[in-house]
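# Coordinate analysis (summary)
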Amino acid sequence: METENKHPITGREGGPIKLDVAASWTKNYREKNPGQTISQFFGKHILENILKQEGCLGIRFYYAQDNEGKKHLIIAGVNSDGSDQTNEEYCDDRGVAIKVAAPVGGSLPTHKMYEVGDQSSPCPGSPGCPKGILATGQKA
């Protein structure tokens, strides 16, 4: 059960973590999930596109699985009240965009278009996978 967010999103959530702690935690995950995806890489372009959306204060990451069982991370911008920046109001219940007809003698309503991201590169299995301490427990 989710708890109610009593504090607004500020854009300052999260913070640094000591490398030895991070390496220990990633090692714990690898040991408990052998052969599983250990990381996802997102390129600068999609991250910047989402972060520059009006009102975006950060990015939320969703764990996901496609119909073939492949793991994904889905990313969405988040505004100050903690809401994901999506275009739900312009989609049907399947997530397909709805074409909005202009009223007679009028123009189409203006609305913000938000990006939601996927198509990251999972590791292992993609070119450029890390070989450092967070991925292997060994210094590169």
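In this text, all values refer to a predicted model and were calculated from it rather than measured experimentally.

### Points about the sheet that holds strand 4 (residues 116-117)
Taken in spatial order, the 3 strands of this open sheet run 2-3-4, and their pairing is antiparallel. Edge positions in the open sheet fall to strand 2 (58-65) and strand 4, since each of these has one partner strand only. Pairing of strand 2 with strand 3 (residues 71-78), which is carried by 8 bridges, proceeds in the antiparallel orientation. The residue bridging Y63 from the neighbouring strand is L73, located in strand 3. Set on the sheet, helix 2 (residues 44-51) makes contact with strand 2, strand 3 and strand 4; between it and strand 3 the angle comes to about 35 degrees.

### Looking at the pattern of salt bridges
Note that side chains of opposite charge can pair when their charged atoms are close. Taken as a whole and assessed by the stated rule, the structure comprises 2 salt bridges. With a closest N to O distance of 3.6 Å, E31 and K27 form a salt bridge. Of the two residues, E31 and K27 are both situated in helix 1 (residues 19-32); the distance of 4 residues between them amounts to about one turn of the helix. The exposure class assigned to K27 is partly exposed, which follows from its relative accessible area of 42%. Note that D84 is salt-bridged to R60, the shortest N-O span being 2.5 Å. Of this pair, D84 sits in the loop between strand 3 and strand 4 while R60 sits in strand 2, and the two are 24 residues apart along the sequence. Judged by its relative accessible area of 22%, D84 falls in the partly exposed class. In this structure R60 comes out as partly exposed when scored by relative accessible area, which is 27%.

Rules used in this analysis
Residues numbered from 1 in each chain as written. Predicted model: local features only at pLDDT ≥ 70, side-chain atom pairs only at ≥ 80, totals over all residues. Heavy atoms only, no water. Pairing = 2+ DSSP bridges. Helix = DSSP H or I, 4+ residues; strand = E, 2+ residues; numbered from the N terminus. Contact = heavy atoms within 4.5 Å. Axes fitted to C-alpha atoms, helices over the stretch in contact; angles between N-to-C directions. Salt bridge = Lys/Arg side-chain N within 4 Å of Asp/Glu carboxyl O. Buried < 20%, exposed > 50% of the residue type's maximum accessible area, 1.4 Å probe, protein only.

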